[in-house]
Amino acid sequence: METKQVKAYGKESVTQPLHEMTISRRAIQPHDVEFEVLYCGICHSDLHQIKNDFSHTMWPIVPGHEIVGRVTAVGGHVKGFKVGDLAAVGCIVDSCGHCEYCEDGIEQFCDEGVTFSFNSEDKVSGGHTFGGFSKTYVCNEKYVLKMPSFENLAAAAPLLCAGITVYSPLKHWGAAPGKKVGVLGIGGLGHLAIKIAKAMGAEVIVFTTSPNKVEDAKRLGADEAVLSSDAEAMSKYNRKLHFIIDTVSAKHDVNTYLNLLRPDGSVVLVGLPPEALEIGAFNVVSGRKSFSGSNIGGIAETQEMLDFCFKHNIVAESEIINIDYVNTAFERLEKGDVHYRFVIDMASLNQ
Ligand code: NAP
Ligand code: ZN
């Protein structure tokens with residue numbers, strides 16, 4: 001297959017720092033859109049993958065799956081995009097398109113396995129996919145989102161993963177007026193969960209391990225914020241919450257949070273701690289509670305989320321960085337020193 005050489009930032013092993021490299025992208029196919037990457041968010045999943053936390057990292061890796069850009073070329077059969085349009089890509093860049101889950105718009109659960117925008121087997125060109133820490137991106141127009149004209153386009157990039165990952169379960173589990181929704185962990189996902197759940201009309205109670213985020217959670221729109229080490233403050237919420245979105249990236253005790261649920265409530269895990277989590281039987285049988293999970297969202301729902309956030313003026317609180325700061329950014333993300341998302345200005349990677 002014809003390819004194009006593209007400048008990118010990636011690495012060949014766990015121990016290496018990310019560095020400039022050249023990758024091959026497929027030349028555009030009839031249904032493909034090519035765009036120049038303008039901004040790319042940094043998600044904790046990028047950090048898990050460059051550390052090989054899940055033991056399935058393909059080397060070399062080029063991270064980045066919160067990608068916003070401007071179209072530079074379209075294939076002959078492309079109908080929805082033209083050169084100069086804004087475009088965006090999140091986590092999904094391909095799926096079978098015909099299984100019952102693809103037909104239902106939940107491509108993330110495709111029977112044949114979804115292709116992710118980076119670190120995933122690429123069924124079109126062979127090899128594996130490279131993410132948005134690069135000058136350009138190419139994919140089938142079915143998986144390219146229409147980016148609304150956000151005033152702060154850079155700060156909107158994190159919606160492509162962090163935004164949809166919390167929007168989808170908030171909608172599925174019914175965030176709405178009269179519902180008390182917990183958000184566990186105030187990082188990239190958690191801070192957007194606060195904003196989106198509030199825009200859906202729910203009452204939002206936040207649980208954090210960081211004393212300095214208690215007040216900040218209220219600035220972000222939370223009705224209440226609780227330091228999770230404060231047992232007395234925690235007990236105030238026993239049996240009070242309809243459901244909780246758990247965004248924590250490391251091992252933690254979910255039983256504490258099952259106790260805060262009303263009967264029939266659910267702790268919905270979206271964080272990806274590499275270690276298994278333990279659940280006490282009585283914490284779920286008593287109260288018919290569930291411990292569940294959710295993975296990103298389908299393409300149509302991602303478009304719906306972008307339009308919802310545009311309408312409600314929701315973007316991420318972002319620290320915009322140049323590409324040469326990216327290794328420091330990952331170190332800071334690992335330490336929890338980010339308020340609340342790093343976004344790379346890709347103009348800093350010169351072609
Ligand atoms: P992040 O910005 O690092 O936020 C994670 C937050 O979790 C931290 O800010 C911290 O919040 C809390 N936390 C971290 N370590 C903790 C610990 N040991 N105990 C308790 N709390 C801790 O990460 P993110 O980008 O939001 O991603 C969060 C997780 O979701 C990651 O595992 C990521 O891979 C995963 N993810 C999943 C999906 C999906 O589709 N399911 C999509 C995207 C990301 P406080 O300081 O407030 O305690
Ligand atoms: Zn992500």
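Residues numbered from 1 in each chain as written. Chains lettered and ligands numbered in written order. Predicted model: local features only at pLDDT ≥ 70, side-chain atom pairs only at ≥ 80, totals over all residues. Heavy atoms only, no water.

**Looking at the overall build of the chain**
- Looking only at helices and strands, the chain has 11 helices and 16 strands in total.
- Taken against the 2.2 N^0.38 rule, which gives 20 Å for 351 residues, the C-alpha radius of gyration of the chain at 20 Å falls within 12% of a compact globule.
- Along the first, second and third principal axes, the C-alpha set of the chain runs to 60 × 40 × 40 Å.
- Put simply, the chain has 351 residues, and 55% of those count as buried.
- Considering only residue pairs separated by 6 or more positions, the chain has 67% of its internal contacts joining residues 24 or more positions apart.
- Total accessible area computed for the chain in this model is approximately 14,700 Å², and 49% of it derives from carbon and sulfur atoms.
- Computed over 32 positive and 43 negative side-chain charges, the separation of the two mean positions in the chain equals 5 Å. (Helix = DSSP H or I, 4+ residues; strand = E, 2+ residues; numbered from the N terminus. Rg over C-alpha atoms; globule rule 2.2 N^0.38 Å. Buried < 20%, exposed > 50% of the residue type's maximum accessible area, 1.4 Å probe, protein only. Contact = heavy atoms within 4.5 Å. Areas by Shrake-Rupley, 256 points an atom, 1.4 Å probe, with all protein chains shown as cover. Lys, Arg positive; Asp, Glu negative; His and termini not counted. Charge placed at Lys NZ, Arg CZ, Asp CG, Glu CD.)

**Things to note about helix 4 (residues 162-172)**
- For helix 4, a buried count of 9 out of 11 residues is recorded, marking the element as mostly surrounded by other parts of the structure.
- For helix 4, every residue scored as buried is listed here: Ala-162, Gly-163, Ile-164, Thr-165, Val-166, Tyr-167, Ser-168, Pro-169 and Leu-170.
- Looking at the buried side of helix 4, the elements it contacts are strand 9 (180-184), helix 5 (188-199), strand 12 (241-246), strand 13 (261-269), helix 10 (299-311) and strand 16 (341-345).
- Positive backbone phi, at 85°, marks Gly-174, one or two positions downstream of helix 4.

**Some points on the site of ligand 1**
- Of all residues adjacent to ligand 1, which total 27 residues, the nearest are His-44, Thr-208, Thr-209, Ser-210 and Arg-341.
- Within the side chain of Lys-213, an N or O atom sits 2.7 Å from an oxygen atom of ligand 1.
- Relative to its free-state accessible area of 920 Å², ligand 1 is covered by the protein chains to the extent of 88%.
- For the shell around ligand 1, the secondary structure elements donating two or more residues are helix 1 (44-50) and helix 5.
- Its residues assigned to classes, the shell around ligand 1 shows 10 nonpolar, 15 polar and 2 charged. (Near = heavy atom within 4 Å. Polar contact = N/O pair within 3.5 Å; in protein donor to acceptor, adjacent residues only side chain to side chain. Nonpolar A, V, L, I, M, F, W, Y, C, P; charged D, E, K, R; others polar.)

**Digging into the pattern of salt bridges**
- Here the structure, examined in full by the defined rule, presents 18 salt bridges.
- For Lys-218, the salt bridge goes to Glu-215, with nearest N and O atoms at 3.9 Å. Here Lys-218 pairs with Glu-215, and both are found in helix 6 (residues 213-219), just 3 residues apart, close to one helical turn.
- Residues Arg-288 and Asp-264 are paired through a salt bridge, measuring 2.6 Å at the closest nitrogen-oxygen approach. Of the two residues, Arg-288 sits in the loop between helix 9 (281-285) and strand 14 (290-293) while Asp-264 sits in strand 13, which places them 24 residues apart along the sequence.
- Classification of Asp-264 by relative accessible area gives partly exposed; the value is 47%.
- Through salt bridges with shared partners, one network takes in Lys-195, Asp-216, Arg-219 and Glu-317. (Salt bridge = Lys/Arg side-chain N within 4 Å of Asp/Glu carboxyl O.)

**A few points about the sheet that holds strand 9**
- Pairing in this open sheet of 6 strands is parallel, and the strands run 11-10-9-12-13-14 from one edge to the other. Only two strands of the sheet have a single partner each, and these edge strands are strand 11 (224-227) and strand 14. Geometrically, the sheet is characterised by an average inter-axis angle of 20° between neighbouring strands, direction not taken into account.
- In the packing of helix 4 onto the sheet, the strands contacted are strand 9, strand 12 and strand 13, and the crossing angle to strand 12 comes to about 160°.
- Docked against the sheet, helix 5 engages strand 9 and strand 10 (203-208), running at close to 165° with respect to strand 10. (Pairing = 2+ DSSP bridges. Axes fitted to C-alpha atoms, helices over the stretch in contact; angles between N-to-C directions.)

**Describing the nonpolar core**
- If you look at the biggest cluster of nonpolar residues, it comprises 97 residues, and the most contacted ones within it are Ile-42, Met-147 and Leu-170.
- The greatest single-element share of this core, amounting to 6 residues, is contributed by helix 5.
- In this structure, Ile-42 is in contact with Glu-66, Phe-133, Ile-321, Val-326, Ala-329, Phe-330, Leu-333, Arg-341, Phe-342 and Ile-344, ignoring residues within four places of it in sequence.
- Within the second largest apolar cluster, 14 residues are counted, among which are Ile-205, Phe-207, Tyr-237 and Leu-258. (Core = buried A, V, L, I, M, F, W, Y, C linked by side-chain atoms within 4.5 Å.)

**Points about the packing of aromatic side chains**
- Under the definition given, this model contains 7 aromatic pairs.
- Through pairs of rings, three or more aromatic residues link up here, namely Phe-207, Tyr-237 and Tyr-257. (Phe/Tyr/Trp six-rings, centres within 6.5 Å; stacked < 30°, edge-to-face > 60°.)

**Quick notes on helix 5**
- For helix 5, spanning 12 residues, the distance from its first C-alpha to its last is 17 Å, which sits close to the expected 16 Å at 1.5 Å a residue.
- Most of helix 5 is tucked away, with 10 of its 12 residues classed as buried.
- Residues of helix 5 that are buried include every one of Gly-188, Leu-189, Gly-190, His-191, Leu-192, Ala-193, Ile-194, Lys-195, Ile-196 and Ala-197, and no others.
- Close packing links the buried residues of helix 5 with helix 4, strand 9, strand 10, helix 6, helix 10 and strand 16. (Expected span 1.5 Å × (residues − 1).)

**Here we look at the environment of Val-248**
- Following the sequence through the fold, Val-248 ends up in the loop between strand 12 and helix 8 (255-258).
- Taking the relative accessible area as the measure of exposure, Val-248 reaches 19% and is therefore buried.
- In this structure, the C-alpha to C-alpha distance between Val-248 and Leu-184, residues 64 residues apart in sequence, is 6.7 Å.
- What Val-248 contacts, discounting residues up to four positions off in sequence, is Leu-184, Gly-185, Gly-271, Leu-272 and Pro-273.

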